[in-house]
Amino acid sequence: MRTEDLIHFCPPGRLIIGCGVRAQLPDLLDRLGYRLGVIVTDTFFVEKTPWVREYIDAAEQHGMENVVYAGGMPDPTTTLCDEATSLLREQLSGQQPDHIIALGGGSNIDLAKALSLTLPEGRSVAEFTGDIGGCKPLPLIALPTTSGTGSEATPGAILLDPANTTKIAVMDNALRPQIALVDPEFTYTCPPRVTADAGIDAFTHAIESYLTMDSARFDRGGNPDPGYTGRSGLTMLFAKEAMRLCFAWMDRAYRHGDDTEARTGMAYASLYAALSYGSAGLNAGHGIAYAVAGQTHKSHGSTNAVMLPYVLDALCQTRQAELAEVAELLGVASSDPEVSARKVPVAVRELIGGLDIPTDLKAFGVDPKMLDSLVEDALGVARLAKAFPVDNVDQVYRQIVRNAWEGHLTGDLA
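It should be emphasised that the depicted structure is a prediction, and the values quoted were computed from it without experimental measurement. (Residues numbered from 1 in each chain as written. Predicted model: local features only at pLDDT ≥ 70, side-chain atom pairs only at ≥ 80, totals over all residues. Heavy atoms only, no water.)

Moving on to the overall build of the chain. The secondary structure content of the chain amounts to 16 helices and 8 strands. A globule of 414 residues ought to have a C-alpha radius of gyration of about 22 Å, and the chain, at 21 Å, matches this closely. Classification of the 414 residues of the chain by burial places 56% in the buried group. In the chain, the share of contacts with a sequence separation of at least 24, taken over all contacts with a separation of at least 6, comes to 79%. (Helix = DSSP H or I, 4+ residues; strand = E, 2+ residues; numbered from the N terminus. Rg over C-alpha atoms; globule rule 2.2 N^0.38 Å. Buried < 20%, exposed > 50% of the residue type's maximum accessible area, 1.4 Å probe, protein only. Contact = heavy atoms within 4.5 Å.)

This part covers the pattern of salt bridges. Enumeration over the complete set of coordinates arrives at 20 salt bridges. In this structure, the salt-bridge partner of R2 is E4, at a minimum N-O distance of 4.0 Å. Linking E322 and R231 is a salt bridge whose minimum nitrogen-to-oxygen distance equals 2.8 Å. With E322 in helix 11 (residues 320–330) and R231 in the loop between helix 6 (192–211) and helix 7 (233–255), this residue pair connects regions lying 91 residues apart in the sequence. E322 sits in the buried class, given a relative accessible area of 14%. Judged by relative accessible area, which is 2%, R231 ranks as buried. (Salt bridge = Lys/Arg side-chain N within 4 Å of Asp/Glu carboxyl O.)

Its volume calculated, the second largest pocket comes out at about 510 Å³. Lining of the second largest pocket is provided by 22 residues; of these, T165, T166, K167, Y290 and G294 occupy positions nearest its centre. Secondary structure elements with two or more residues in the lining of the second largest pocket: strand 6 (156–161), strand 7 (166–171) and helix 9 (284–296). Among the elements that take part in the lining of the second largest pocket, helix 9 stands out by supplying 5 residues, more than any other. (1 Å grid on protein atoms, 1.4 Å probe; cavity = no way out; pocket = protein on both sides within 12 Å on 5 of 7 lines; lining within 4 Å. Points joined across faces, edges and corners; volume = space filled by probe spheres on them.)

Our next topic: helix 3 (residues 51–60). Here helix 3 has its buried residues at W51, V52, Y55, I56 and A59. All buried residues of helix 3 project into a common sector of 125° when viewed along the axis, lining one side. Elements that come into contact with the buried residues of helix 3 comprise helix 1 (25–31), strand 2 (36–40), helix 2 (43–47), strand 3 (65–69) and strand 4 (99–104). (Arc of directions from axis to C-beta.)

Don't take any of this as a statement about function, it's just geometry.
Below is the structure:
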């Protein structure tokens, strides 16, 4: 127990986890009284899997209708959301849906969250940037098909603004799914690269939220219902179990996609990480990764991965005790907590390299002339910079980026 904690914890309304549990969904939605849904997914799941057709057929047996939107894309844009809103409202012909089902990875779930706001009145998603202004979104049911983003348990949707290639956040606890249905069988179709990127994303969520700003110090901006509130003893429990599961199953899931035990282990790891960061929030790892993605246009998981060891290295003083605990999970602990803490970034870098992801910004293709602008862009994500538990955040960000370019970790000298 941490008596100083100020806990504000908002999980999804219902969590359903288990292989094959998708078959329960039509009965549950019927019991809840839903009648007209919008399914947000992409062409792969419509054309290459039986899941959408199976659900629609089963829902029809209960008298439920569904309209399918299969235009989901990686890193959905505000333009895509507005176009989808117009198309769906035309297909609905004036009918008002009473729920939205998201099937896919984090991109599809984020798009569905945004559509839950825009569909009722046909408004542009830009009107909801940052704060949804008391708008009541349509109830959302999230069915994740990757083990990584954790969008099924978080209060926000991230969309790309094509006008300036920056990512915007639509954020409110009302956007948390009413039902998060985690069926590990959905992840069996993930190719190795997607599995690795998703897995390291889950691990990044877990360790960042484990080390982030304490709930007693977190700036809630006077909001009585904040989406993120800093770490607490509760979020840290989920984060620690998520890390343990990642260490046990991530490499196996990547190398042996038919290993159902590993797939299930990573499904739990992703969800537990989301239950941690979905309330605790994140910080520099994601903040700098957003800037790296803006320059390289590479995947979210890999941009997180390339920065993570160097962000952890910057926390070896302020989060020494916690990093020493992570060293125990990794099996690299020594009798000296300081040495143990400094071994963690090195071990994490090795883990990332084992997933065939570049481990420094030079190998990642970042132009050295762009390092200063990368830092400025990262600091521009103020909500994540403010949550980084160090003094002199600007200076520390610059050192992190330099170290990431050079591939330098203080534990390399140990």
